[in-house]
Amino acid sequence: MSIDSGIKWRNPLFVWGGKRDVEELPTIPFRSHKEVWERTRRSTTKLNPVGRLRYYYKWPGHGATMWNRLRYWPTRRRVLRVRGEYNPKTLRAEKTIVDKRPIWWVLGLLALAIAPLFTPGDLQNTLLTAGATFGIYAAISLCWMLIMGTAGVFSLATYAVVGTAAFVTALLAVKFALPWWLLPPIGALVGLVFGGIIALPATRLDGFYYALLTLGLNELCRVYFVTSKEFGSANGGLYGARTYIPEEWSQLGQLLLAYYACFGLMLLALLLYRFVNGRRLGRILRMAPEKREAFAEATGVNFRQARVWVFLVSSAALGFIGGFYTSNFGGVAFSIFNFDTVLLGLAMLVIGGVGRAEGAVVGTLIVVFFDQVLNTWGPARFMIIGLIMLLVVLYLRNGLFGIKAQFRAWRDKKKSERRSTRAEKGGELLPEEATETEDKSVIYQRRHDKMTRDHLKTLVSPEIIEEHRHSLNGQHSEALERLLIYFRTRPQVEKYAIMAVERFEGYRIVALSGHRGVAPRVVEDRIYATPDEACHGVFMRRVQDLLES
Amino acid sequence: MAQIKIFGYADKISVKPGDTIQFHVSADGTSTAEAHLVRLIHGDEHPHGPGFIEEEIDCVANGTWQVEKQFTQVGAFLEATDPDRKLALDGSITLCAFIWPTWPDVGHRQCLLGRWDNDRNHGYGLGINPSGRLEFWVGCGNEIDYLQAELPLQKQAWYFVAATFDARSGRATLYQEGVVNRYNSLLSKVAPVEYRSHVSEMFRFRQNNLPDTPFLVAGSRDWHALRGHFVSQLYCGKIDRCGVFDRALAREELDAIRAGGKPPSDGMVAYWDTTKGYTDRGIGDLVIDIGPNQLDAKGYNRPVRAQTGYNWNGRNDCFRLAPHEYGGIEFHADAMIDSNWKATKTLELPETLRSGAYAMRVRGGDGEGLAEEYIVFFVRPRTPTARIALLFSTATYLAYANERFATDGQIVQPMAGQPPTISEVDIEIYENPEFGAGCYDTHADGAGVCYTSYRRPMVNMRPKYRIAAFDLPWNFPADLSILAWLEHKGYEYDVLTDEDVHLEGVAAMAPYACILNSTHPEYHSERMLDAHEDYIAGGGRFICMGANSFCCNVAFRDDEPWIMECRKTGGHWIAWAARPGEYYLATTGQMGGIWTGFQRWGQKLVGNTFAGEGFAHSQPYRRMPDSYDPALAWITEGIEGEIIGDFGLGNGGAAGIEIDCYKLGFGTPPNTKIIASSGGHPDNYIAHDEEGAHAHQGFSGTHNYILRADMVYFEAPNNGAVFATGSIAFGSALPVNGFENNVSQLLSNVVDAFIRPGPLSGSNTTRKSTAGLERVAP
């Protein structure tokens with residue numbers, strides 16, 4: 001393009017005779033800013049309804065009435081985490097239950113507590129047995145979850161701990177005719193010792209290697225117990241310990257007692273989970289998630305010690321469960337060390353979602369249901385469990401209980417994809433964004449900005465750039481003046497400014513932060529010799545930004 | 001090694017030889033600094049001028065100083081005077097206050113009132129938690145129990161809030177009710193906002209008080225290993241009447257206080273009636289306790305008083321009319337009026353010191369960049385000796401103190417017509433709120449800064465400083481060009497400051513035959529303005545060197561002249577606007593804003609004042625017919641041609657930056673002559689909106705004839721006379737070409753004539769003055 005388009009701008013100040021005011025400069029033909037507005041008005045893009053519907057109920061605020069809040073005695077923890085807030089769209093005072101899990105827990109546990117009353121007669125036996133098994137396995141899963149989720153130690157020796165404790169207690173019970181109530185505490189001791197031994201390498205070995213090691217340990221236990229005479233290598237397990245279930249009771253009574261005892265065990269495990277994960281130890285460990293350990297350590301978090309503590313506590317609890325296992329079943333079979341037991345246990349955790357108690361419990365429920373209730377299906381049920389696990393691993397990021405967050409993220413992604421196919425944004429706020437915007441004037445501001453930019457882009461030309469170089473801050477032609485007023489009135493965020501490296505010697509271009517107290521950032525290395533050169537440099541950057549926008 | 005940074009200030013700005021002055025210095029990265037007393041002669045380092053000139057002066061303080069890092073307490077708060085620890089209540093308690101939070105969602109805890117130790121978690125407090133909700137908390141050292149309100153607080157809405165705690169039952173209750181009327185808050189009643197919240201909960205323990213924790217309003221005690229005790233959890237917003245009771249007040253009792261009733265005396269420990277103690281002549285820093293113990297609270301960093309209260313109903317616009325409606329005390333977390341640093345050096349000034357602009361130059365390390373500080377002060381003679389005085393506009397320097405236009409002002413680039421040129425020191429003050437701001441800035445919460453002081457480092461007083469927004473020397477550094485001109489021309493002169501004129505009135509000015517003021521004499525208290533008027537009317541000869549002169553009304557307390565109050569109101573030429581009903585200066589009870597609002601236009605004093613401003617090229621003056629009047633020929637004697645000042649260090653001309661014009665309608669004396677006027681200002685110059693009631697497209701330079709600098713001259717009674725340049729750029733044109741130029745020539749003509757005893761040549765007033773003020777020399 002040639003510099004001279006033949007059109008001249010005549011300087012109104014020339015008549016005053018100022019030294020720097022030239023008579024005329026080449027400029028570009030006039031272009032009305034209305035073109036852009038008119039073009040937009042002719043647009044026929046289909047416009048869809050925007051905004052979100054709220055499809056669930058929100059409690060109103062309390063207004064003038066007193067809101068008496070309850071706490072769990074003797075803590076300062078409120079019974080429900082409720083947040084009062086203004087509805088951002090209607091300003092209505094509303095209450096939101098921030099964490100609804102306690103409600104689901106209460107409902108779920110109540111359902112489990114009254115479930116035996118509603119079991120169909122023909123399935124009663126199967127279901128109550130499965131229920132008891134579920135209680136024990138849920139307790140095991142919860143302790144395992146503490147190790148895997150809270151402590152972040154990928155241990156596969158959980159069932160080895162449980163099994164060892166069960167076998168040792170069974171042996172002691174058989175040999176010394178111990179009462180049933182002594183078995184869980186003894187089991188806990190065994191678990192603690194076992195846990196102490198396997199905790200040592202946990203501080204040294206990472207992830208995969210530790211999993212291998214513990215799996216080997218599990219296998220070692222299996223081989224040891226299977227081949228050991230004391231532990232009944234001949235009859236597939238060790239039985240004969242006394243149980244807490246009175247033999248004189250009816251079968252239903254026995255089943256019910258076992259069911260509620262195992263349910264009670266699960267409640268104890270939940271309590272333990274809550275106290276370890278929800279209090280100091282758990283919080284320390286949450287500050288040191290995987291791959292961030294170094295940072296946590298640098299800030300003074302002793303996560304190694306916390307891990308070992310969690311590991312020891314959980315191992316003792318697992319031993320306790322092992323003891324309980326013996327006193328429940330009167331003994332224990334070698335199958336507890338089987339690889340498929342470990343895998344089923346892992347499936348329980350993975351299906352529910354690692355790192356949360358509800359994941360462990362519901363995962364266990366699903367697996368036990370397939371394993372015990374549908375046992376008429378034969379080996380096919382393992383395929384189903386495997387399939388479920390596969391699907392969970394393939395499609396869910398964090399088990400069943402991650403579905404909600406994942407679904408929302410997916411929905412938002414899809415929304416924005418659809419939106420981007422039909423909306424021409426160009427700097428305007430998207431309709432969906434706009435409805436969520438607190439200050440509605442921002443929407444128009446962005447529209448105005450877009451229109452202005454679309455027009456200004458048509459004004460950038462070699463003539464105008466040359467005019468700016470010639471007269472940085474004198475009187476300007478209409479086109480240049482429009483560009484400059486636009487550039488200068490932008491908000492402070494990322495707005496260009498000049499930084500004096502050395503007054504009258506070196507200047508460079510910086511961008512303002514727009515945030516009080518935050519220094520401008522350097523945008524380029526180039527040093528300009530004079531403020532005027534830097535000023536033109538700023539103009540060129542602004543023109544470039546405009547054309548790229 | 002850490003970067004060396006030196007900042008400092010002096011406790012006085014105007015001193016006389018033999019006076020004692022204290023220097024307060026804070027240093028980063030060094031423990032020693034080289035100090036030297038210097039006399040400042042020229043500041044602007046523009047390559048076309050003489051550059052920076054200083055003269056080293058011997059004094060006992062010169063040499064190596066031990067310096068250290070000093071900390072500054074920012075934020076305004078009240079501290080109750082409670083020697084008997086009446087407020088160390090460890091049983092039942094009620095805290096209540098009317099509040100108007102400006103920034104409830106700032107994101108950190110704000111303490112409204114309490115006796116709370118933030119470091120050791122002892123005591124009790126009522127505040128706003130990080131989620132913006134009202135919260136009451138008690139601490140016993142190892143644990144804190146707390147209770148928060150249901151809804152977040154709305155900004156700029158009046159609430160009555162209270163927390164009651166019954167120690168016997170452990171029941172804590174929060175009381176939050178809106179007291180919004182048609183005038184006092186941001187929203188009216190048509191907005192469906194729920195302001196109420198009443199929440200109750202059982203606490204597990206009661207508060208435990210430490211003996212030395214102060215009871216604070218709008219902050220709480222904190223501790224840091226290097227700083228020791230300081231105040232954090234600072235509050236942004238207004239607090240009206242507030243109190244403490246040693247029992248849990250019933251809801252009906254709180255309702256009664258909210259309705260404006262007298263607070264119950266039963267159980268009252270303290271009740272600060274923020275409207276007590278107001279006088280017709282201003283409000284102090286003491287907030288009176290009307291309770292039985294008289295635990296008056298003292299303001300730190302000057303909480304803003306005279307603000308509208310919860311019961312302001314729009315009828316009255318001043319605290320003098322209805323004190324009970326003006327109980328609002330406004331707090332800002334970044335308010336700062338005194339660094340309160342330890343004195344680094346005390347100096348008794350040598351008796352032989354001549355009058356001038358001085359600075360203690362303090363350099364650490366290589367003395368480059370931030371490692372060099374000039375602590376500026378002005379030395380007046382013990383008794384006036386010269387016929388000329390140069391009056392430095394210290395009030396204006398205060399108004400512009402540490403301004404952050406370039407970084408915070410969105411409108412600065414369109415105003416300046418150029419991107420700002422920022423230097424290292426601008427970033428330093430931007431990053432550190434402890435330097436405080438000036439009257440052109442807003443607090444982080446959005447309210448304008450109405451108090452400024454020189455008891456803190458002021459980078460805009462550094463002689464080489466250039467204002468970032470316009471890349472020009474501004475105020476003091478530019479004014480040094482006038483001082484350098486006087487030096488160069490060999491005139492005998494003394495210096496004066498606004499502070500002297502404010503404190504001593506016309507007596508400070510009277511001894512001089514001729515007074516020149518500064519390039520930008522914008523801010524004046526009533527007393528300063530009166531002194532100027534009396535000086536000129538009494539036969540003084542005055543040269544107004546700058547522009548935007550005598551525009552803004554400010555106030556000082558006599559006992560604390562280092563703090564200036566400024567309320568911005570009226571027109572668009574203000575950096576921020578005082579809120580409705582808050583136009584009056586708490587310092588004096590006078591209305592703030594611009595002198596135009598008082599029918600005291602600058603034209604009435606010096607013949608011209610503010611026409612408009614712009615920062616594109618400055619222009620020359622062109623002589624006007626009056627200059628060819630033989631009676632006035634002495635002014636332009638020796639000047640060839642029509643054009644005056646087509647050069648200058650201030651954007652290349654003598655007329656520009658801010659320009660003043662003649663206007664009979666605004667009280668320009670009718671005998672005023674226009675010697676020369678500038679013209680051809682580009683559209684970047686915009687006319688002052690006092691020039692037209694409605695804004696319109698014809699407000700800019702190429703359209704509006706108002707936009708011009710008028711160089712005016714008139715004779716005043718008793719042989720007095722005024723010459724006014726009408727341009728900020730005038731002073732910066734003086735040093736061009738080694739002070740040999742027609743601007744310099746013209747000023748010499750005027751000064752020579754003004755200091756010559758007897759009537760002015762060509763003067764109509766030949767009769768002998770009787771009412772004239774007594775001069776130093778005949």
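Residues numbered from 1 in each chain as written. Chains lettered and ligands numbered in written order. Predicted model: local features only at pLDDT ≥ 70, side-chain atom pairs only at ≥ 80, totals over all residues. Heavy atoms only, no water.

Visitor: What is the right way to look at the overall build of chain B in this model?
Guide: If you tally the helices and strands in chain B, you get 12 helices and 44 strands. Relative to the globule expectation of 28 Å for 778 residues, the C-alpha radius of gyration of chain B, 28 Å, shows essentially globular dimensions. The principal-axis extent of the C-alpha atoms belonging to chain B is close to 95 × 60 × 50 Å. The 778 residues of chain B split such that 67% are buried. Counting only contacts in chain B whose residues sit at least 6 apart along the sequence, the fraction spanning at least 24 positions is 75%. Accessible surface for chain B amounts to roughly 25,700 Å². Of this, 49% is attributable to carbon and sulfur atoms. A gap of 5 Å separates the mean positions of the 66 positive and 96 negative side-chain charges of chain B. (Helix = DSSP H or I, 4+ residues; strand = E, 2+ residues; numbered from the N terminus. Rg over C-alpha atoms; globule rule 2.2 N^0.38 Å. Buried < 20%, exposed > 50% of the residue type's maximum accessible area, 1.4 Å probe, protein only. Contact = heavy atoms within 4.5 Å. Areas by Shrake-Rupley, 256 points an atom, 1.4 Å probe, with all protein chains shown as cover. Lys, Arg positive; Asp, Glu negative; His and termini not counted. Charge placed at Lys NZ, Arg CZ, Asp CG, Glu CD.)

Visitor: Please explain the overall build of chain A as it appears in this structure.
Guide: Along the backbone of chain A there are 19 helices and 11 strands. For 549 residues, the compact-globule formula gives about 24 Å, and the C-alpha radius of gyration of chain A, at 36 Å, lies well above that figure. Across its three principal directions, the C-alpha atoms of chain A cover 120 × 50 × 50 Å. With 549 residues in all, chain A has 44% of them scored as buried. Per element, the accessible surface of chain A, about 29,900 Å² overall, is 62% carbon and sulfur. Between the mean site of the 70 positive side-chain charges and the mean site of the 46 negative ones, chain A shows a separation of 8 Å.

Visitor: So what exactly am I meant to see when it comes to the domain arrangement of chain A here?
Guide: When the parts of a complex come together, some accessible area is lost, and that lost area is often taken as the interface size. Per the domain assignment, the segments of chain A are domain 1 (8–36 + 446–548), domain 2 (56–99) and domain 3 (128–338). Just the C-alpha atoms count here: the centres of domain 2 of chain A and domain 3 of chain A sit 40 Å apart. (Domains from an automatic or database assignment.)

Visitor: I would appreciate a short explanation of the interface of chain A and chain B in the present structure.
Guide: In this assembly, 59 residues from chain A lie in contact with 67 residues from chain B. Between chain A and chain B, the buried area comes to about 5,300 Å², and carbon and sulfur atoms account for 52% of it. For chain A, the biggest contributors to the area lost against chain B are Y86, R503 and R516 of chain A; these three give 14% of the whole. Summed over the shared surface of chain A and chain B, the result is five salt bridges. Residue D408 of chain B is joined to R516 of chain A by a salt bridge in which the shortest nitrogen-to-oxygen separation is 3.9 Å. Linking chain A with chain B are 34 residue pairs in polar contact (both at pLDDT 80 or more). It is strand β9 (residues 496–502) of chain A that contributes the most residues to the side of chain A that touches chain B, five residues altogether. (Buried area = accessible area lost by both parts, 1.4 Å probe. Salt bridge = Lys/Arg side-chain N within 4 Å of Asp/Glu carboxyl O. Polar contact = N/O pair within 3.5 Å; in protein donor to acceptor, adjacent residues only side chain to side chain.)

Visitor: Any chance you could explain the packing of helix α12 (residues 357–373) of chain A against helix α13 (residues 380–395) of chain A here in plain terms?
Guide: Relative placement of two packed helices is described by the angle separating their axes and the distance separating the axes. Residues and elements named next belong to chain A. Look at α12 against α13: their axes get within 9 Å of each other, and the N-to-C directions meet at 160°. Viewed along their axes, α12 and α13 adopt a mutual orientation that is roughly antiparallel. The way α12 lies across α13 gives a crossing that is right-handed. Where α12 abuts α13, its residues I366, V367, F370 and D371 lie against R381, F382, I384, I385 and I388. Class assignment for the residues of the contact of α12 with α13 results in seven nonpolar, no polar and two charged. (Axes fitted to C-alpha atoms, helices over the stretch in contact; angles between N-to-C directions. Parallel < 35°, antiparallel > 145°, perpendicular 65-115°, else oblique. Left-handed = near helix turned anticlockwise from the far one by under 90°. Nonpolar A, V, L, I, M, F, W, Y, C, P; charged D, E, K, R; others polar.)

Visitor: Explain helix α4 (residues 158–176) of chain A to me, please; I cannot follow it from the model alone.
Guide: Taking 1.5 Å per residue as the helical rise, α4 of chain A with its 19 residues ought to reach 27 Å, and the 27 Å between its terminal C-alpha atoms agrees with that figure. Phi turns positive one or two residues past the end of α4 of chain A, at A177 of chain A, with a value near 50°. (Expected span 1.5 Å × (residues − 1).)

Visitor: Just checking my understanding: could you explain the packing of aromatic side chains for this structure?
Guide: Where two aromatic rings form a pair, the distance of their centres and the angle of their planes describe that pair. By the definition in use, this model includes 61 aromatic pairs over all chains. A centroid spacing of 6.5 Å and a plane angle of 75° characterise the contact between Y210 of chain A and F311 of chain A, whose relative ring orientation is edge-to-face. With Y210 of chain A in helix α6 (residues 207–227) and F311 of chain A in helix α10 (residues 303–329), this residue pair connects regions lying 101 residues apart in the sequence. Accessibility expressed as a relative area gives 2% for Y210 of chain A, which makes it buried. The class of F311 of chain A is buried, set by a relative accessible area of 2%. A centroid spacing of 6.3 Å and a plane angle of 50° characterise the contact between Y124 of chain B and F215 of chain B, whose relative ring orientation is tilted. Linking Y124 of chain B in strand β10 (residues 122–128) with F215 of chain B in the loop between β15 (197–202) and β16 (216–217), this pair joins segments that are 91 residues apart in sequence. The same class applies to Y124 of chain B as to F215 of chain B, namely buried. (Phe/Tyr/Trp six-rings, centres within 6.5 Å; stacked < 30°, edge-to-face > 60°.)

Visitor: Please explain a nonpolar patch on the surface as it appears in this structure.
Guide: A cluster of nonpolar side chains, namely L205, F208, Y209, L212 and L213 of chain A, defines an oily patch on the protein surface of about 530 Å² accessible area. Assignment of secondary structure puts F208 of chain A in helix α6. (Patch = residues over 30% accessible without salt bridge, like charges linked within 9 Å, V, L, I, M, F, W, Y side chains within 5 Å.)

Visitor: Where do I start with the domain arrangement of chain B in this structure?
Guide: Taken domain by domain, chain B consists of domain 1 (5–67 + 344–378), domain 2 (90–331) and domain 3 (384–755). Summarising the inter-unit geometry, the C-alpha centres of domain 1 of chain B and domain 2 of chain B are found 44 Å apart.

Visitor: Is there a simple way to think about the pairing of strand β27 (residues 372–379) of chain B in this case?
Guide: Along a regular strand, successive side chains alternate from one face of the sheet to the other. Residues and elements named next belong to chain B. Burial analysis of β27 places eight of its eight residues in the buried class, the great majority of the element. In β27, alternate side chains face the same way, and those of E372, Y374, V376 and F378 on one face and E373, I375, F377 and V379 on the other are all buried. Bridge count between strand β2 (residues 14–15) and β27: two bridges; the pairing is parallel. Of the residues in β27, the one forming a bridge with S14 is F378. Summarising the sheet, strand β26 (residues 356–363) and β27 pair through eight bridges and their orientation is antiparallel. (Pairing = 2+ DSSP bridges.)

Visitor: Explain the sheet that holds strand β32 (residues 514–516) of chain B to me, please; I cannot follow it from the model alone.
Guide: Paired through their backbone hydrogen bonds, the strands of a sheet run either parallel or antiparallel. Residues and elements named next belong to chain B. Spatially, β31-β28-β32-β34-β44-β43-β41-β38-β39 is the arrangement adopted by the nine strands of the open sheet, whose pairing is mixed. The sheet is open, and its two edges are formed by β31 (493–497) and β39 (643–644), each paired on a single side. Pairing of strand β43 (residues 710–716) with strand β44 (residues 720–724) involves five bridges; the strand directions are antiparallel. Following the sheet pairing, F714 is matched in β44 by V722. Each of β28 (388–392), β32, β34 (541–544), β43 and β44 is contacted by helix α9 (residues 526–537), which is oriented at about 130° to β34, the strand it contacts most. Strands β28, β32, β34, β39, β43 and β44 of the sheet are contacted by helix α12 (residues 742–755), whose axis makes an angle of about 160° with β34.

Visitor: Sorry, what's going on with the environment of G264 of chain A here?
Guide: All names here are of chain A. Considering the arrangement of structural elements, one finds G264 in helix α7 (residues 251–277). Residue classification places G264 among the partly exposed positions, given a relative accessible area of 26%. Distance in space between the C-alpha atoms of G264 and G216 is 32 Å, their sequence separation being 48 residues.

Visitor: Could you clarify how one ought to interpret the sheet that holds strand β36 (residues 560–566) of chain B in this entry?
Guide: All names here are of chain B. One open sheet accounts for four strands, arranged β30-β36-β35-β33; its pairing is mixed. Edge positions in the sheet fall to β30 (451–453) and β33 (523–524), since each of these pairs with one other strand and no more. Here β30 pairs with β36 via three bridges, running antiparallel. Opposite T452, over in β36, you have M564 as the bridge partner.

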